[in-house]
Amino acid sequence: MAAGLLEDNLRPGEKIDLDAPDASADLWVRVRGGFRLPDLDDDWVRKAEAWYSARPDYVERMTTRGSRYLFHILEEVEKRGMPAELALLPFIESAFVTHAVSSAKATGMWQFMPATGRDFDLKQNIFRDDRRDVLASTSAALDYLGRLYKMFGDWHLALAAYNWGPGNVQKAVARNQRLGLPTDYASLKIPDETRYYVPKLQAVKNIVLAPDRYALALPAVANHPYFLSVKIERDIDVSLAAQFAGISLETFQQFNPQMNKPVILAAATQQVLLPYDQASAFAENLARHTGPMASWTAWVVPKTMSPADAAKRTGMPESQLREINRIPPKMLVKAGSTLLVPRGEHVHADISERLADTAALNLAPDAPPLRRLTLKAGKADTVAGVAARYKVRAEQVAQWNKVGSNARFKPGQAIVVYTAASPARATAASRKAAPTRKATAVAKAPAAKVAKAAAKPAAKTVKTAGSGKGRNVVAAAAP
C-alpha cells in the first residue's frame, strides 16, 4: 500500500534504479552537454564573473540549494527541447531560494509576479501560493519562456522579456527598427538591470563550464531525482507530514514551500515532495497512521465581524486567530472571508476543493463610517491647507482628488474630502436627509445647525462657516 503512494513525477509508472550506471553519472556533465545559447563576451559578463568569484561561500550555498532541484528542471528543459542554460536561470532569479520575494512582489524560485503567475494558472490564495511550488512554477516558467521565444525568435530577447516584460522589449525592438539599428540584445536600449541580466546567466554558465578557472567548486550532483512525489489523500498538518518523513519542518518546507498555512489540503495539493531517501518512510508511516491527521479546518465568516468576535465563535484565542490568519490590527473580517480555525472532534470532512481554490480573506478598517464632503476651492486653497483644515493627511487629499501632494487648487474647483462623521451629526443629518440620501451641511458647524442646513433643498449649497473665502461644501455619506 505504501509503495502505491510513491511516484516519480517525471517518469510516472517507471521504476527508478539508483544503482544503474547513468544514475551515478555527474549531472553537471549532462548540463554542459546541453548548452546551446550564443555566448556573450563583454564587460557586463566580466563584472558578473568577478562578483561570483569574490563570493565563494555564496556560490557554494547557491549551488548546493540548486542541486536539490537541478535534475528535475533539466529533465523539463530537455523534454521541451530547450537550451540547458535555462536550467541555470533560478541561480540568477532567486539563487534557488524557494521563498524568495522581491521588492516588486515577485515570488518563488522563478520569481513570478502575481498577474503573470495567474496567467499560467499558478493559484494564489490564503492556503497556497503556487509561485513557490517547485513543480508547478518550473513548468509555468518554462512554458512562459517558450512563449517568449516564439514571440521574439531569439533566446537572449526572450530572457530580456522574462526580466523586463515582453511589451517593453517589443517597444525597444520597434525603436531600433525605426532608427535602422540592429535589434539584437546587445543593441537595444534597455535598463541596466536587464542589460546585466543575460550576462549574469552567461557568467554562471562559464563557471559551470570551468569552475577551477574562477577558484570555485561545484557540489557533486547525481544524475537521478533528488526527490519523489508522495500522494496525499486526506488533509494533513505540515508538522505531522515532516514527522512522518523523519525530517525537520524547515527541510520539509524547502521541498513544499507553496504552503501558506500549517495544514496541507488534499483537495489542492495531491502530492508532497520529499527527499528520495525519506519518501518511503513517509509513505509507510502515512499508511500505518489511524488517528486524525489535520488539526485545522476552514470556516467561512457569516457576517462582517471583529477578530475578537470571530475568535469567540471558533473557540480560539484572538491572538492565535490573528497570527494564523495574518490579520493586522484595527481591521474587521468581512462576510464571506475564509479563516483557518481549529478542527473540532465532530468535524470529519476535509476542506472542499471549491474552498481550497477560492478561499480569500477580505478585511475592512475598524473605523467610524466616512462622510464625503465636496468643497468649492477658494483663491489660495492647496492640498496641504485642505488636509490641515480637515485633519487628514495631505497624501489622502491628493489621492482623493488625483493631484500631487504639493498641488494648488484652482478657484471654484471641486475638492473631495472624506471625514469621520460624529454619531450625533450622522443621526441628525439622516433624519432630515433628502430622498437621495445626500445632505447639505455646514462644515464645522454644531450638529443642530447641520440638521437645519440639511433640511434645505439639496441643490443649494451654503458658505462654509468661518471660511471667509466664499467656500462651499456639500456633505454626503461615503459610498
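Procedures and definitions
- Residues numbered from 1 in each chain as written.
- Predicted model: local features only at pLDDT ≥ 70, side-chain atom pairs only at ≥ 80, totals over all residues.
- Heavy atoms only, no water.
- Helix = DSSP H or I, 4+ residues; strand = E, 2+ residues; numbered from the N terminus.
- Buried < 20%, exposed > 50% of the residue type's maximum accessible area, 1.4 Å probe, protein only.
- Contact = heavy atoms within 4.5 Å.
- Areas by Shrake-Rupley, 256 points an atom, 1.4 Å probe, with all protein chains shown as cover.
- Lys, Arg positive; Asp, Glu negative; His and termini not counted.
- Salt bridge = Lys/Arg side-chain N within 4 Å of Asp/Glu carboxyl O.
- Polar contact = N/O pair within 3.5 Å; in protein donor to acceptor, adjacent residues only side chain to side chain.
- Core = buried A, V, L, I, M, F, W, Y, C linked by side-chain atoms within 4.5 Å.
- Axes fitted to C-alpha atoms, helices over the stretch in contact; angles between N-to-C directions.
- Parallel < 35°, antiparallel > 145°, perpendicular 65-115°, else oblique.
- Left-handed = near helix turned anticlockwise from the far one by under 90°.
- Nonpolar A, V, L, I, M, F, W, Y, C, P; charged D, E, K, R; others polar.
- Phe/Tyr/Trp six-rings, centres within 6.5 Å; stacked < 30°, edge-to-face > 60°.
- Expected span 1.5 Å × (residues − 1).
- Pairing = 2+ DSSP bridges.

Caption draft 1: Highlighting the overall build of the protein chain. When helices and strands are counted, the protein chain shows 20 helices and 14 strands. Sorting the 479 residues of the protein chain into buried and exposed places 49% on the buried side. Sequence-distant contacts, at least 24 apart, represent 69% of the contacts inside the protein chain between residues at least 6 apart. As presented, the protein chain carries roughly 24,100 Å² of accessible surface, and 52% of it is formed by carbon and sulfur atoms.

Caption draft 2: Seen up close, the side chain of Glu 93. If you trace the backbone, Glu 93 turns up in helix H5 (residues 89-93). An unpaired buried charge is present at Glu 93: no salt bridge exists, and Lys 200, the closest side chain of opposite charge, is 8.2 Å distant. Polar side-chain contacts of Glu 93 include one of 2.4 Å to the side chain of Tyr 197. Here Glu 93 is in contact with Met 109, Trp 110, Gln 111, Tyr 162 and Tyr 197, once residues within four sequence places are set aside.

Caption draft 3: A look at the nonpolar core. Residues Trp 110, Phe 112, Leu 145, Leu 159 and Tyr 162 are the most contacted members of the largest nonpolar core, which totals 69 residues. Looking at this core, the element that brings in the most residues is helix H7 (residues 134-152), giving 9 residues. Other than its neighbours up to four places away in sequence, Leu 145 contacts Met 82, Leu 86, Leu 89, Trp 110, Trp 155, Ala 158, Leu 159 and Tyr 162. Ranked by size, the runner-up nonpolar core spans 25 residues in total, among them Trp 296, Ala 298, Trp 299 and Ile 327.

Caption draft 4: Representation of the packing of H7 against helix H8 (residues 155-164) in the model. Between H7 and H8, the shortest axis-to-axis distance is 8 Å and the interhelical angle comes to 125 degrees. In terms of orientation, H7 and H8 fall into the oblique class. As for the relative orientation of H7 and H8, their crossing is right-handed in sense. Residues Ala 141, Tyr 144, Leu 145, Leu 148, Tyr 149 and Phe 152 of H7 touch H8, and the partners they reach there are Trp 155, Leu 157, Ala 158, Leu 159, Ala 161 and Tyr 162. Here the contact of H7 with H8 is built from residues that sort into 12 nonpolar, no polar and no charged.

Caption draft 5: Layout of the packing of aromatic side chains. Inspection of the entire model under this criterion finds 14 aromatic pairs. When the centroid spacing of 5.3 Å and the interplanar angle of 90 degrees are considered together, the rings of Trp 51 and Tyr 52 count as edge-to-face. Of the residues examined, Trp 51 reaches a relative accessible area of 34% and is grouped as partly exposed. For Tyr 52, a relative accessible area of 6% corresponds to the buried category. Pairing Phe 112 with Phe 120 gives two aromatic rings, centres 6.4 Å apart and planes at 50 degrees, and the pair type is tilted.

Caption draft 6: Spatial organisation of the packing of helix H11 (residues 238-245) against helix H13 (residues 276-288). Close contact between H11 and H13 brings their axes to 7 Å; oriented N to C, the two are set at 115 degrees. Taken together, the residues of H13 that come into contact with H11 (itself represented by Ala 241, Phe 244 and Ala 245) are Gln 278, Ala 281, Phe 282, Asn 285 and Leu 286. Classifying every residue of the contact of H11 with H13 by side-chain character gives 6 nonpolar, 2 polar and no charged.

Caption draft 7: How the structure looks around H7. With 19 residues, H7 ought to run about 27 Å at 1.5 Å a step, and its terminal C-alpha atoms sit 27 Å apart, in line with that. Listed as buried for H7 are Val 134, Leu 135, Ser 137, Thr 138, Ala 140, Ala 141, Leu 142, Tyr 144, Leu 145, Gly 146, Leu 148 and Phe 152. At the N-terminal end of H7, a side-chain oxygen is found 2.9 Å from the backbone nitrogen of Leu 135, two or three residues along, and the residue is Asp 133. Downstream of H7 by one or two residues, Gly 153 has phi in the positive range, about 70 degrees.

Caption draft 8: Region of the structure containing the pairing of strand E11 (residues 414-420). Of all 7 residues that make up E11, 5 are buried, and the element is covered over most of its length. One ladder, built from 7 bridges, connects strand E10 (residues 370-376) with E11; its direction is antiparallel. Looking at the pairing, Leu 370 lines up with Ala 420 of E11.

Caption draft 9: Region of interest: the pairing of strand E8 (residues 338-342). Among the 5 residues in E8, 4 count as buried, and that is most of the element. Bridge count for strand E6 (residues 296-300) against E8 is 5 bridges, and the pairing is antiparallel. Residue pairing across strands places Trp 299 opposite Leu 339, the latter belonging to E8.

Caption draft 10: How the structure looks around the environment of Ser 137. Mapped onto the fold, Ser 137 is located in helix H7. A relative accessible area of 0% places Ser 137 in the buried class. Sequence-distant contacts of Ser 137, that is, excluding residues within four places in its chain, are made with Trp 110, Phe 112, Leu 122, Asp 130 and Arg 131. At 2.6 Å, the side chain of Ser 137 and the backbone oxygen of Asp 133 are in polar contact.

Caption draft 11: Structural view of the side chain of Asn 125. Assignment of secondary structure puts Asn 125 in the loop between helix H6 (114-119) and H7. You can call Asn 125 buried: its relative accessible area is 11%. At 3.2 Å, the side chain of Asn 125 and the backbone oxygen of Asp 357 are in polar contact. When neighbours within four sequence positions are excluded, Asn 125 is seen to be in contact with Asn 260, Ala 356, Asp 357, Thr 358 and Ala 359.

Caption draft 12: Structural detail: the pattern of salt bridges. Tallying each qualifying case throughout the model produces 17 salt bridges. Salt-bridge contacts for Lys 205 lead to Asp 39; the nearest nitrogen and oxygen are separated by 2.8 Å. Here Lys 205, found in helix H10 (residues 192-209), pairs with Asp 39, found in the loop between helix H1 (27-33) and helix H2 (43-53); they are 166 residues apart in sequence, far enough to count as distant. Lys 205 sits in the buried class, given a relative accessible area of 5%. Judged by its relative accessible area of 55%, Asp 39 is exposed.

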